[in-house]
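Tertiary structure, described
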Amino acid sequence: MNSQRPERFACGTTLLLLFLLFSLPASAQDTSKTYANRTIEAIPIPKSAQPPVIDGDLSDKIWTMATKAQTFIDPQRSTPVGDQTEVTLLYDQVNIYVGFYCHDSRPDGITARETVRDAKLMNDDFVAVELDPFLTYKFDGYSIFMVNAIGTRSMRQSGGRAGKVEWQGDWEAAVKRVADGWTVEMKIPWGILSYPRVQKPINMGINFRRFQQRTQILSMWSDIGTQFFSEREGLWKGVSTPVQAWKPRISALPYLMPSLSLKDKSEIRTGMDIRYQPTPELTAVATIAPDFATVEGAVEGINFSRSERYVQDHRPFFLEGQDYFDLGRPYQLGRLFYPNRIGSMSTAFKVYGKTDTKTSLGFLSTFDFGNQSNFIMNYRKEQNASSGANLMMLQHVEKGADNTVLAAVENYRKGKWGFDSQYLQSLGQGAGGAAWTTAVNLQDKNLFATLRYKYVAANFLDTLGYIPFTNFQGISGFVNWSGFWRQGYWRGFEIGWLPTWTWDLDGVPFQRNAGLFATIESRNDNQYNLFMNGGKYYNDTDFTYTFEFVRNATNRFRKWGLSFTTGQQASLPYTAYGPQFSFRFGKHFDFIYSSFLQSYQGFSQQHILTMNYEINPYQSFGGRVVVDNSAVNVYLSYRNTGRKGTDFYVILGDPNAQSFVQRLLFKWVFAI
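Observations regarding the overall build of the protein
When its secondary structure is counted, the protein shows 3 helices and 38 strands. Over its C-alpha atoms the protein spans a radius of gyration of 26 Å, differing by no more than 12% from the 26 Å that the globule rule assigns to 672 residues. Along the three orthogonal principal directions, the C-alpha set of the protein runs to about 80 × 70 × 50 Å. Look at the contacts in the protein between residues 6 or more apart in sequence, and 56% of them connect residues 24 or more apart. If you sum the accessible surface of the protein, you get close to 30000 Å²; carbon and sulfur atoms cover 58% of it. Here the protein contributes 68 positive and 61 negative side-chain charges, whose respective centroids are spaced 2 Å apart.

Here it is, written out as structure tokens:
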């Protein structure tokens, strides 16, 4: 291949982006300030009045007393949407009551499919109320309550806390179809929220959202924009919160797990998860003899990669409060803390939350007695709604492999422009080097762009992190532009460009490449994707094209697609292809299949088939088959979970083994 081709590719992608920037229609004038930082008055229910019955019917007379939030905005245009939403809001000393009236000019197009509590509702018609009681103006300070058009509830509590249903607390919601849309009623107990416990009325951050699946419009009451500038959230004024003193809460989830094996010794294991909440905004979680045998982990792919692949960790202990430990992104230096680095644990403990409105803390410690221990501490101080700094320490203690990383992280944004930086120092056996990065960022309507400089020493080591490359320095960039058309055949597009120009610390060119991706979606839910990547890694040439088609892109119950990649990897011919299917048969049986076939220095293949039969929102049969070249793993399961009492599992096999394990496992989890 011509050695000049990567450079010509980088120039060509630049010209293509400039052409698109000037040829596509401009967005409407930004009038977001008109609809940002809106206010709504707090109106309590009189003690002599009856609160609304939560049945989805807004005809209760008490709603006529409520304060109203009206005129929902399309953040793509910063103008009112066509199908409007009206919100009514009341409260007493026990609950917050929220009513939504979702008008729809085509009620036959209202779509909702998810039926399992706390499932992702992002591709259903849904509404959401976001509460920011401490006025943090930060996503991790929000508690979000979502309901889709068939009444399925989903909740996210501030800080990512209380991932277990037993620890979340309960709330109510109901929906009703009406002639011109659908209505929702919610009842949110104060008891499941963290909020300031003061005598005088307070102001709370609040916002309301609605997603209309048919038009793919996410509208909102207070317009925080397409870049989600949370400092534009609304304000709920003059709220008299319940003032009873906070009572520390403690709860436990012990488990009993017998397993029968045809090859290994059968055993009975026990353990316990404990949660303690000493203050409204501070949570402690401990686990004793944890076992994640019932947790289905992500499957690592087999596609060509020049670095270690990142795999999402699904273990509940690490998901609890994860927002307080999640620092770093792939386009920066990497993930400073990567939970998958921690394998077996005898016991573990973490504390996370806020010590005041501007200060947050995360502390995590794990012990595998006789082998290793790990400590992670993250301290963050907010300067204002869009700026702050972190100090972080990660320590891995193991005989002959001690490692400590100290990190300082800063981010600052004023309006559209931002700046971020990271500085890391590693200590311990085989370590001693530093790593740092700094960047200037632009967030403007549907455009995000960053220009970054990176440096990672050859002897930098983060045993508990995911840092793909060391021994390099140089420049990288990222430009992402997206937009939506509200009429016509095409619905939306997204374009991205990722140039990199780095050299190793001896001055030898390392990465000189650029990636370009483009996605366009049609109104009938087809998605067309193009990915191009070309350049040099030292003296090796990479240049690949990927074409992908997805039908029913926003409907996981009728979704299928095909992808094809061709070109060169490490100067050798490369081809990969595979189909993907995601279907629901009837009302309860989900069938998901993905296949990846790769021709590169031989032939390799991976097939993943996942099945689940939902008996009801709490009970299901499921299983997964993974074929990874010649290795085949199969497991089957029965789950009765999601209630506030005993959970019960039966699993034949091991969800995360390389090949089939002849084992029958039972697990009971009890709520205390």
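Brief notes about a nonpolar patch on the surface
Residues Tyr-412, Trp-417, Phe-419 and Val-440 make up a contiguous nonpolar surface patch of about 400 Å² in total accessible area. Within the secondary structure layout, Tyr-412 lies in strand β22 (residues 403-414). Tyr-412 sits in the partly exposed class, given a relative accessible area of 34%.

Considerations on the pattern of salt bridges
In this structure the tally under the stated criterion is 30 salt bridges. Two residues, Asp-57 and Lys-176, come together in a salt bridge whose shortest N-O distance is 3.4 Å. Placement of Asp-57 in the loop between β1 (39-41) and β2 (67-69) and of Lys-176 in strand β10 (residues 172-178) is noted, with a sequence separation of 119 residues between them. Here Arg-584 and Asp-590 are joined by a salt bridge, their closest N and O atoms 2.6 Å apart. Each member of the pair, Arg-584 together with Asp-590, is buried.

Digging into the packing of aromatic side chains
In this structure the tally under the stated criterion is 40 aromatic pairs. An angle of 80 degrees between the planes, with centres 6.1 Å apart, marks the rings of Phe-100 and Phe-208 as edge-to-face. One end of the pair, Phe-100, is in strand β6 (residues 95-103); the other, Phe-208, is in strand β12 (residues 202-212), with 108 residues separating them in the sequence. The same class applies to Phe-100 and to Phe-208, which are both buried.

Notes on the pairing of strand β18 (residues 347-356)
Along β18, 7 of the 10 residues are buried, which leaves the element largely enclosed by surrounding structure. As defined by bridge partners, strand β17 (residues 282-288) adjoins β18 across 7 bridges and the pair is classed as antiparallel. Across the sheet, the residue bridging to Thr-287 is Ala-348, located in β18. Strand direction decides the pairing type here: β18 and strand β19 (residues 359-368), joined by 9 bridges, are antiparallel. Residue pairing in the sheet places Lys-350 in a bridge with Leu-364 of β19. Hairpin connection, β18 to β19: the antiparallel pair is bridged by 2 residues.

Topic: the environment of Ser-630
Structurally, Ser-630 can be placed in the loop between β35 (619-628) and β36 (631-640). The exposed category is assigned to Ser-630, whose relative accessible area is 74%. Spatially, the C-alpha atom of Ser-630 lies 54 Å from that of His-103, the residues being 527 residues apart in sequence.

Structural notes on the nonpolar core
Among the nonpolar cores identified, the biggest contains 39 residues, and Ile-96, Phe-145, Met-186, Phe-208 and Trp-236 are the most heavily contacted of them. Counting residues per element, the ones that place at least two in this core are β5 (85-91), β6, β7 (126-132), β8 (143-148), β11 (181-189), β12 and β14 (234-239). Other than its neighbours up to four places away in sequence, Phe-145 contacts Val-127, Ala-128, Val-129, Leu-131, Ser-154, Met-155, Trp-171, Met-186, Ile-188, Ile-192 and Leu-193. Grouped together as the second largest cluster of nonpolar side chains are 29 residues, Leu-333, Phe-337, Ile-342 and Met-392 included.

A few points about the environment of Ala-252
By secondary structure assignment, the location of Ala-252 is in strand β15 (residues 249-261). Ala-252 sits in the buried class, given a relative accessible area of 11%. Between the alpha carbons of Ala-252 and Tyr-276 there is a distance of 8.8 Å; along the sequence they are 24 residues apart. Filtering out sequence-adjacent residues up to four positions away, Ala-252 remains in contact with Met-272, Asp-273, Ile-274, Phe-670, Ala-671 and Ile-672.

Things to note about unusual backbone geometry
The phi torsion at Tyr-137 lies on the positive side, around 55 degrees, for a residue other than glycine. Summarising the element assignment, Tyr-137 is placed in the loop between β7 and β8. Since its relative accessible area comes to 23%, Tyr-137 is described here as partly exposed. With phi around 60 degrees, Gln-216 is a residue other than glycine that occupies positive phi space. Position of Gln-216 among the secondary structure elements: in the loop between β12 and β13 (217-220).

Describing the confidence of the model for the protein
On average, residues of the protein carry a pLDDT of 89, and 93% of them reach 70 or more. pLDDT under 50 marks residues 1-29. Its contacts with residues more than four places away, or in other chains, come to 36 contacts.

Observations concerning the pairing of strand β26 (residues 472-484)
Counting buried residues in β26 gives 10 out of 13 residues, a clear majority hidden from the surface. Both strand β25 (residues 447-456) and β26 contribute to a ladder of 10 bridges, which runs antiparallel. Following the sheet pairing, Arg-452 is matched in β26 by Ser-476. As paired strands, β26 and strand β27 (residues 490-503) are joined by 10 bridges and run antiparallel to one another. Looking at β27, one finds that Ser-476 is bridged to Thr-500. Hairpin remark: β26 followed by β27, antiparallel, with 5 residues in the connecting loop; positive phi at Gly-488, about 95 degrees.

About the criteria used
- The written sequence of each chain sets the order in which its residues are numbered from 1.
- A pLDDT threshold of at least 70 governs which residues receive local features in this predicted model, and a stricter bar of 80 or more applies before side-chain atom pairs are shown or counted, although totals over entire chains, interfaces and linings include all residues.
- Side-chain measures here rest on the full set of heavy atoms in the structure, leaving out hydrogens and waters.
- Secondary structure is summarised from DSSP: a helix means a run of H or I of at least four residues, a strand means a run of E of at least two, and numbering begins at the N terminus for each.
- Computation of the radius of gyration draws on C-alpha atoms alone. For the globule rule, the value is 2.2 Å times the number of residues to the power 0.38.
- Residue contacts follow a heavy-atom distance rule, with two residues in contact if any of their heavy atoms lie within 4.5 Å.
- Under the convention used here, a 1.4 Å probe and the Shrake-Rupley method define accessible areas, while residue burial counts only the protein chains that appear.
- The positive count covers Lys and Arg only, the negative count covers Asp and Glu only, and His and the chain ends enter neither.
- We put the charge of a Lys on NZ, of an Arg on CZ, of an Asp on CG and of a Glu on CD.
- Only residues above 30% relative accessible area that lack a salt bridge enter a patch, with like-charged residues linked at up to 9 Å and the nonpolar side chains Val, Leu, Ile, Met, Phe, Trp and Tyr linked at up to 5 Å.
- Just to be clear on terms, a salt bridge is a Lys or Arg side-chain nitrogen sitting within 4 Å of an Asp or Glu carboxyl oxygen.
- Here's how the labels work: a residue is buried when its accessible area is under 20% of the maximum for its type, exposed when over 50%, partly exposed in between, all with a 1.4 Å probe on protein chains only.
- Here a pair means two rings of Phe, Tyr or Trp (six-membered ring of Trp) with centres within 6.5 Å. Their orientation is stacked below 30 degrees between planes, edge-to-face above 60, and tilted elsewhere.
- If DSSP finds at least two bridges between two strands, the strands pair.
- Buried Ala, Val, Leu, Ile, Met, Phe, Trp, Tyr and Cys residues form a nonpolar core when they are joined through side-chain atoms within 4.5 Å.
- Note: pLDDT gives the predictor's confidence per residue, expressed from 0 to 100.

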